Amino acid sequence: MVDDQNSLQHLVIISVHLGEVSSDAGYAYPVDQNFLTDSPLSYDGVYLVGGTAANDSFYRQARKFIRTTYTHFKPISARKEVVHLLEEMAIKDMPGVIIGTEHPFGSAFTQAMAQQRFWDQTSDLYHV
């Protein structure tokens, strides 16, 4: 994600509702955008965190966000708690999809973000 004003990369938290999300460890993070008003086309890639408070509405909207990210050949990364979404969507083992259990995860995700696009992903975007 790039801040056009300063050309700095930064994290944007997207969820079902604006406000805050809390980690299982009790940390609160402000939500920057919601699924309804934001687009994955605005970002270089997606890192899926998940959590125990995620519900069906969250997963339904997250799948749509992930699908759009994937069909535009962008990198997707996920912690092990949300790998089931990638498995359900049949994209878990595709190029540019990085799972948090892989070693070294941080390096693999950074390299995927630097590559920007994974043209060898199977995509239905251009098959009408």
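One can find the structure itself at the top, above this paragraph.
This report concerns the structure included in the present document. Within each chain, residues carry numbers counting from 1 in the order of the written sequence. Owing to the predicted nature of the model, reporting of local features is limited to residues with pLDDT of at least 70; listing and counting of side-chain atom pairs is limited to 80 or more, with chain, interface and lining totals taken over all residues. Side-chain measures were taken over the full set of non-hydrogen atoms in the model, leaving aside hydrogen atoms and water.

### Remarks on the nonpolar core
Looking at soluble globular proteins, one finds that nonpolar side chains tend to be buried together.
Item 1. As used in this record, nonpolar core signifies buried Ala, Val, Leu, Ile, Met, Phe, Trp, Tyr and Cys residues forming a set joined through side-chain atoms within 4.5 Å. When a residue's accessible area, from a 1.4 Å probe over protein chains only, is under 20% of the maximum for its type it is buried; when over 50% it is exposed; and in between it is partly exposed. Formed by 23 residues in total, the largest nonpolar core has its most connected members in F35, L48, I66, I76, L86 and I91.
Item 2. If you list the elements that add at least two residues to this core, you get β7 (46–48), α1 (56–71), β8 (76–78), α2 (83–88) and β9 (97–99).
Item 3. In this analysis, two residues are considered to be in contact whenever any of their non-hydrogen atoms come within 4.5 Å of each other. Not counting residues within four places of it along the chain, the set of residues in contact with I76 comprises V46, L48, I66, T69, Y70, L86, I91, G96, V97 and I98. By definition, any uninterrupted DSSP run of H or I lasting at least four residues is a helix, any uninterrupted run of E lasting at least two residues is a strand, and each is numbered from the N terminus.

### Topic: the environment of G100
Item 1. The residue G100 is located in the loop between β9 and α3 (105–115) in this model.
Item 2. Residues G100 and R79, spaced 21 residues apart in sequence, show a C-alpha to C-alpha distance of 4.4 Å.

### Looking at the side chain of S15
Item 1. Here S15 shows up in strand β3 (residues 14–15).
Item 2. For S15, a relative accessible area of 11% gives the class buried.
Item 3. If we skip the residues at most four places from it in the chain, S15 touches V21, V31, Q33, N34, F35 and F58.

### Thoughts on the packing of aromatic side chains
Item 1. Stacked, tilted and edge-to-face are the three classes applied to pairs of Phe, Tyr and Trp rings, where Trp contributes its six-membered ring and a pair requires centres within 6.5 Å; stacked means planes under 30 degrees apart, edge-to-face means over 60, and tilted covers the rest. Enumeration over the complete set of coordinates arrives at 5 aromatic pairs.
Item 2. An aromatic cluster is built from F35, F58, Y59 and F65, whose rings are joined through pairwise contacts.

### Overview of the sheet that holds β7
Item 1. Taken together, the 3 strands give an open sheet; going across it, the order is β7-β8-β9, and neighbouring strands pair in parallel fashion. The open sheet is flanked by β7 and β9, the only strands paired with a single partner. The sheet shows a mean angle of 15° between the axes of neighbouring strands, taken without regard to direction.
Item 2. Direction of pairing for β7 relative to β8: parallel, over a ladder of 3 bridges. Within β8, the position partnered with Y47 by the bridge is S77. Any two strands are treated as partners once DSSP identifies two or more bridges connecting them. Lines fitted to the C-alpha atoms define the axes, with helices restricted to the stretch that makes contact. Angles between their N-to-C directions range from 0 to 180 degrees.

### Points about unusual backbone geometry
Backbone geometry follows two general trends: most residues other than glycine have a negative phi, and most peptide bonds adopt the trans configuration.
Item 1. One non-glycine residue, F73, adopts positive backbone phi at about 65°.
Item 2. One can find F73 in the loop between α1 and β8.
Item 3. Classification of F73 as buried rests on a relative accessible area of 7%.
Item 4. In this structure, A90 takes a positive phi of about 60° despite not being glycine.
Item 5. Within the secondary structure, A90 sits in the loop between α2 and β9.

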